[in-house]
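Spelled out, the chains give:
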Amino acid sequence: MEINTINKTNSIQKLEGEIKRLRHKLEGQDREVKELHHVYMHTIKAFASAIDLKDHYTYDHSINVVKYAVAIAHQMKLMNHEIQDIKHACQLHDLGKIGVPDYILAKHGKLNKEEWEKVKIHTLKGAEILSPLKFLDGIIKLIMSHHERYNGSGYPKGLKGKKIPLGARIMLVADAFDAMTSDRPYRKKLSIKEAIEELKRNSGTQFDPGVVKAFLEVLRVEPGIVGIKGYKKSCFLLQASP
């Protein structure tokens, strides 16, 4: 009986030692994976920033979209990991425009049907570029869906209402507000008051009413957010967010 007890104790100790060794090994691998993820994000975000930089009309666009979307997400009391996904997706949301000809992006005047169809592929192209990085699956879904409209008239899939990921619904409002309050090749910017009226007018059709309500509250509580840069440009270009 005593020998069996000793053998059992020794077996348990060996098992515990093996578990401890494997845990340390996995922790080391986990650190390596996280470091690799960081390198990937760093490279991709620098690349996405270059797309903004080549067009002075959209120089600060992704930075501003991050700023507005994160503020909305906090106002709606989303979980931290959800906010981080939204943040990363906003930084990368126009990555797919690498596949859109420059003459279309910088065109002065209304796009024709063929040109517009080429612009619309940027959500799918961005998702395609990122698809090999499986750890970005949640972010990829937001990027692919950030031009879906609440009434189902958006693209690429025509998703409607709550079938559109909440993060994408938030991104749409942030993206649209910055677009409306920025000069573009085809029009002058709207005033903040005019942009707010557009959000209200399209609430329930283009935009999720709950998201619009949250953003209007952000603007009421923190009106200066429109004139505050969300990130220093150098940080946005060179750093991958945690």
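Just so it is clear, the model here is predicted, and its values are computed rather than measured.

(A) Molecular detail of the pattern of salt bridges. Taken as a whole and judged by the stated rule, the model has eight salt bridges. With a closest N to O distance of 2.6 Å, Glu217 and Arg220 form a salt bridge. Of this pair, Glu217 and Arg220 both sit in helix H10 (residues 209-221), separated by three residues, roughly a single helical turn.

(B) Fine view of the packing of aromatic side chains. Counted by the stated rule, this structure contains four aromatic pairs. Here the aromatic residues Tyr68, Phe177 and Phe215 are joined through ring pairs into a cluster of three or more.

(C) View of the nonpolar core. Membership of the largest hydrophobic core comes to 45 residues, with the highest contact counts inside it found for Ile86, Ile170, Val173, Phe177, Leu199 and Phe215. Of all the secondary structure elements, the ones that give two or more residues to this core are helix H2 (61-75), helix H3 (80-92), helix H6 (122-130), helix H7 (137-145), helix H8 (166-180), helix H9 (192-201) and H10. Top contributing element to this core by residue count: H8, with nine residues. With residues near it in sequence (within four places) discarded, Phe215 still touches Tyr68, Ile72, Val173, Phe177 and Leu199.

(D) Here's a closer look at the packing of H8 against H10. Remark: H8 packs on H10, axes separated minimally by 10 Å, with the N-to-C direction vectors making an angle of 50°. With respect to H10, the element H8 is oriented oblique. As for how H8 packs across H10, the hand of that crossing is right-handed. On the side of H8, the interface is formed by Leu166, Arg169, Ile170, Val173 and Phe177, while H10 contributes Val211, Val212, Phe215 and Leu219. For the contact of H8 with H10, the per-class residue count stands at eight nonpolar, no polar and one charged.

(E) Geometry of the packing of H2 against H8. Where H2 meets H8, the closest approach of the two axes is 8 Å, and the angle between their N-to-C directions is 135°. Relative to H8, H2 is oriented oblique. For the crossing formed where H2 meets H8, the hand is right-handed. Contacts from His61, Asn64, Val65, Tyr68, Ala69, Ile72 and Ala73 in H2 reach Ile170, Val173, Ala174, Asp175, Phe177 and Asp178 in H8. Within the contact of H2 with H8, the residues separate by chemical class into nine nonpolar, two polar and two charged.

(F) Geometry of H8. Counted at 1.5 Å a residue, the expected span for H8 with its 15 residues is 21 Å, and the 21 Å between its end C-alpha atoms agrees. Burial within H8 is extensive, with 14 of its 15 residues counted as buried.

(G) A look at the environment of Gln206. Mapped onto the secondary structure, Gln206 falls in the loop between H9 and H10. Sequence-wise, Gln206 and Glu148 are 58 residues apart; in three dimensions their C-alpha atoms are separated by 8.2 Å. In contact with Gln206, not counting residues within four places along its chain, are Arg149, Tyr150 and Leu172.

What counts, and at which threshold
Residues numbered from 1 in each chain as written. Predicted model: local features only at pLDDT ≥ 70, side-chain atom pairs only at ≥ 80, totals over all residues. Heavy atoms only, no water. Salt bridge = Lys/Arg side-chain N within 4 Å of Asp/Glu carboxyl O. Helix = DSSP H or I, 4+ residues; strand = E, 2+ residues; numbered from the N terminus. Phe/Tyr/Trp six-rings, centres within 6.5 Å; stacked < 30°, edge-to-face > 60°. Core = buried A, V, L, I, M, F, W, Y, C linked by side-chain atoms within 4.5 Å. Buried < 20%, exposed > 50% of the residue type's maximum accessible area, 1.4 Å probe, protein only. Contact = heavy atoms within 4.5 Å. Axes fitted to C-alpha atoms, helices over the stretch in contact; angles between N-to-C directions. Parallel < 35°, antiparallel > 145°, perpendicular 65-115°, else oblique. Left-handed = near helix turned anticlockwise from the far one by under 90°. Nonpolar A, V, L, I, M, F, W, Y, C, P; charged D, E, K, R; others polar. Expected span 1.5 Å × (residues − 1).

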